[in-house]
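Chains, contacts and geometry: an overview
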Amino acid sequence: MKIKPLGDRVLVKLESGEEKTAGGIFIPQTAQEKTQTGVVVEIGDDETIKVKAGDKVMYDKYAGTQIKVDGEEHLLLRFSDILAVIG
Amino acid sequence: MKIKPLGDRVLVKLESGEEKTAGGIFIPQTAQEKTQTGVVVEIGDDETIKVKAGDKVMYDKYAGTQIKVDGEEHLLLRFSDILAVIG
Amino acid sequence: MKIKPLGDRVLVKLESGEEKTAGGIFIPQTAQEKTQTGVVVEIGDDETIKVKAGDKVMYDKYAGTQIKVDGEEHLLLRFSDILAVIG
Amino acid sequence: MKIKPLGDRVLVKLESGEEKTAGGIFIPQTAQEKTQTGVVVEIGDDETIKVKAGDKVMYDKYAGTQIKVDGEEHLLLRFSDILAVIG
Amino acid sequence: MKIKPLGDRVLVKLESGEEKTAGGIFIPQTAQEKTQTGVVVEIGDDETIKVKAGDKVMYDKYAGTQIKVDGEEHLLLRFSDILAVIG
Amino acid sequence: MKIKPLGDRVLVKLESGEEKTAGGIFIPQTAQEKTQTGVVVEIGDDETIKVKAGDKVMYDKYAGTQIKVDGEEHLLLRFSDILAVIG
Amino acid sequence: MKIKPLGDRVLVKLESGEEKTAGGIFIPQTAQEKTQTGVVVEIGDDETIKVKAGDKVMYDKYAGTQIKVDGEEHLLLRFSDILAVIG
């Protein structure tokens, strides 16, 4: 199944199970029960979008719509809810 | 009966009864009692609309106005409330 | 008595008593006690208005100002509160 | 005493005591204790104002500032709060 | 002490003690304990301001910041909160 | 320590202890426990700012962020929260 | 790990343990338990950003998203939430 986001929206696959690794690891401080990072899977056609498939991104905690795609948790976000690219 | 949406509005026929199929199936995570997908039936004249009749779409959970057309549940949405096209 | 709506406003005469007819009939799902359809009687001068007198229209449930004209229930709506033309 | 409304404001003299006349008479349905009609007395200089002194108008129920001028109830409204001209 | 309002602001000296004079007198209906009229003392540099020092004005009941200047009650208002000039 | 406000912000040093002087003195009527005047110390680069270092100003009661600089109370305000220059 | 803020966002490393030094020291008055200063680490590509890596900045108390990078507290802020540069 393929999901094509519309406009300035971005489909992100949530990460899981790596929030606690030691050494240089990103841990959302105020919401450890919810990952705030993921990997971009698909983007809308809007030219304002400055991330691409494969980018690891950090997003606003309460942003977007949660969906499951092929059993995996994903999030449909507006680009403006993506805070940073993690490299 | 024909319903012609005005402006940037889109008429979507709700899907039912397929939220639980196994294998590659979309299930809205936070609202399993309400489908969040449907098929575009009719669109308004606004050029900003980027979906067409027949597209299977995913939309914001609380968006739109529910109506029944010929006994079937439909939704009148603004295009901006449609998140993605499912292909 | 004649009522001339100002700007982008539209005067709509409410329908009554036909919400339950069988076969191809429109029934607002979440507000069966209130009709959400009516017939356009008079429109303002605003060029953004895309309906005309005689059109049967569907409108937002909480929109507009209710008035009685010659004993009949009417609604003064903004054009943007009209969702669709029913044909 | 003369009151000159500023900008897009309009001074309206409220009507009283005729809400219940029979035959072709306007009665605000949801607020029978408060008239929603009046006659334009004076207008501001704003070119967007499309009513003139003498027009009988209908306005939004909660709009404007009530004042008494020479013992008579008036309302200072923005033009955008005037819904329709009654003719 | 001189107060020079900035931008679109206007300094108004409140009136007192004349709300109940008979004959052609203005009385704010819903707030008789608070005068809603005053005299313009000083205006900001904004060209949108259409009142001048000496004008008797009527203003929105909850608008502005109350200050005392040389023992007298004044109000610093935005011009848009001034409803009308009383002449 | 030097603080350089960004954009349309203005650093104001609060006044203290002079709210009750007799004769031509400014006293904020509704908030006597909090001074509403101060002296501009530093301004941002925004051209919309129409005050300069040394100006005595009056500002909105709830505006800005309180900070201490070298033990003295200051306020970081947006220019639009400054109501008037006192001269 | 490198974090690249998007758009008008700025990554700031929080300061700690120096709020109480004597002599010319900045202490946020209303929130002593939370530092309101930090050092810019990385900025987004937006041209409106007027701070650079290394700048010591002061920011709005409730702004931004707290994250830990390599065990250190950081904040992802919009540039408009940065009040001043401290020099």
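Before reading on, note that the structure itself is shown above.
Residues numbered from 1 in each chain as written. Chains lettered and ligands numbered in written order. Predicted model: local features only at pLDDT ≥ 70, side-chain atom pairs only at ≥ 80, totals over all residues. Heavy atoms only, no water.

Looking only at helices and strands, chain A has zero helices and eight strands in total. Along its sequence from the N terminus, chain A presents helices and strands in the succession β-β-β-β-β-β-β-β. Sequence separation of 24 or more characterises 63% of the internal contacts of chain A that already satisfy a separation of 6 or more. For chain A, the computed accessible surface area is about 4,300 Å², with 48% contributed by carbon and sulfur atoms. (Helix = DSSP H or I, 4+ residues; strand = E, 2+ residues; numbered from the N terminus. Contact = heavy atoms within 4.5 Å. Areas by Shrake-Rupley, 256 points an atom, 1.4 Å probe, with all protein chains shown as cover.)

This part covers the side chain of E:Asp81. Note on placement: E:Asp81 falls in the loop between strand 7 (72-78) and strand 8 (82-86). It is E:Arg78 that comes nearest to the buried, bridge-free E:Asp81 among opposite-charge side chains, at 5.7 Å. (Buried < 20%, exposed > 50% of the residue type's maximum accessible area, 1.4 Å probe, protein only. Lys, Arg positive; Asp, Glu negative; His and termini not counted. Salt bridge = Lys/Arg side-chain N within 4 Å of Asp/Glu carboxyl O.)

Contacts between the two partners involve 15 residues from chain D and, on the opposite side, 19 residues from chain E. Carbon and sulfur atoms make up 56% of the surface buried where chain D meets chain E, a total of about 1,500 Å² over both sides. Summed over the shared surface of chain D and chain E, the number is five residue pairs in polar contact (both at pLDDT 80 or more). Counted by class, the side of chain D that touches chain E contains six nonpolar, two polar and seven charged residues. Of the pairings in the sheet, the one linking strand 1 (residues 3-5) of chain D to strand 8 of chain E comprises three bridges and is antiparallel in character. Across the sheet, residue D:Ile3 finds its bridge partner in strand 8 of chain E, namely E:Ile86. (Buried area = accessible area lost by both parts, 1.4 Å probe. Polar contact = N/O pair within 3.5 Å; in protein donor to acceptor, adjacent residues only side chain to side chain. Nonpolar A, V, L, I, M, F, W, Y, C, P; charged D, E, K, R; others polar. Pairing = 2+ DSSP bridges.)

If you look at the interface, chain B gives 19 residues, while chain A gives 15 residues. In total, about 1,400 Å² of surface goes out of reach between chain B and chain A, with carbon and sulfur atoms giving 56% of it. Counting the contacts that link chain B with chain A gives zero salt bridges. Considering each element in turn, the side of chain B that touches chain A owes the most residues, five residues, to strand 8 (residues 82-86) of chain B. Considered class by class, the residues forming the side of chain B that touches chain A number eleven nonpolar, six polar and two charged.

So, about the pattern of salt bridges. Residue and element names in this part refer to chain E. Evaluation of the coordinates by the stated rule reveals 35 salt bridges over all chains. With a closest N to O distance of 3.0 Å, Glu-42 and Lys-2 form a salt bridge. Linking Glu-42 in strand 4 (residues 37-43) with Lys-2 in the segment before strand 1 (3-5), this pair joins segments that are 40 residues apart in sequence. Here Lys-2 falls in the partly exposed class, since its relative accessible area comes to 46%.

Take the pairing of strand 8 of chain E next. Residue and element names in this part refer to chain E. In terms of residue burial, strand 8 counts as a mostly covered element, since five of its five residues are buried. Where strand 5 (residues 56-59) and strand 8 come together, four bridges link them in antiparallel fashion. Bridging from a neighbouring strand, Val-57 pairs with Val-85 of strand 8.

Okay, unusual backbone geometry next. Residues and elements named next belong to chain D. Despite not being glycine, Asp-70 has its phi angle at roughly 50°, a positive value. With respect to the helices and strands, Asp-70 occurs in the loop between strand 6 (65-69) and strand 7 (72-78). Here Asp-70 falls in the partly exposed class, since its relative accessible area comes to 42%.

A word on the side chain of E:Thr37. With respect to the secondary-structure elements, E:Thr37 resides in strand 4. A distance of 3.1 Å separates a polar atom in the side chain of E:Thr37 from a polar atom in the side chain of E:Glu15.

All names here are of chain E. Of the strand pairs in this sheet, strand 2 (residues 9-14) and strand 4 are connected by five bridges, and their pairing is antiparallel. When the bridges of strand 4 are listed, Leu-14 appears paired with Gly-38. Sheet topology note: the strand 4/strand 5 ladder contains three bridges and is antiparallel. Bridge pairing in strand 5 links Thr-37 to Met-58.

On to the environment of B:Met58, then. Take B:Met58: it is sitting in strand 5 (residues 56-59). On the basis of relative accessibility, which here comes to 0%, the residue B:Met58 falls in the buried class.

Residues and elements named next belong to chain D. By the element assignment, Gly-54 lies in the loop between strand 4 (37-43) and strand 5 (56-59). Sequence separation between Gly-54 and Val-39 is 15 residues, and the spatial gap between their C-alpha atoms is 5.8 Å. For Gly-54, the contacting residues outside a window of four places in its chain are Val-39 and Val-40.

None of this, on its own, says anything about what the molecule does.
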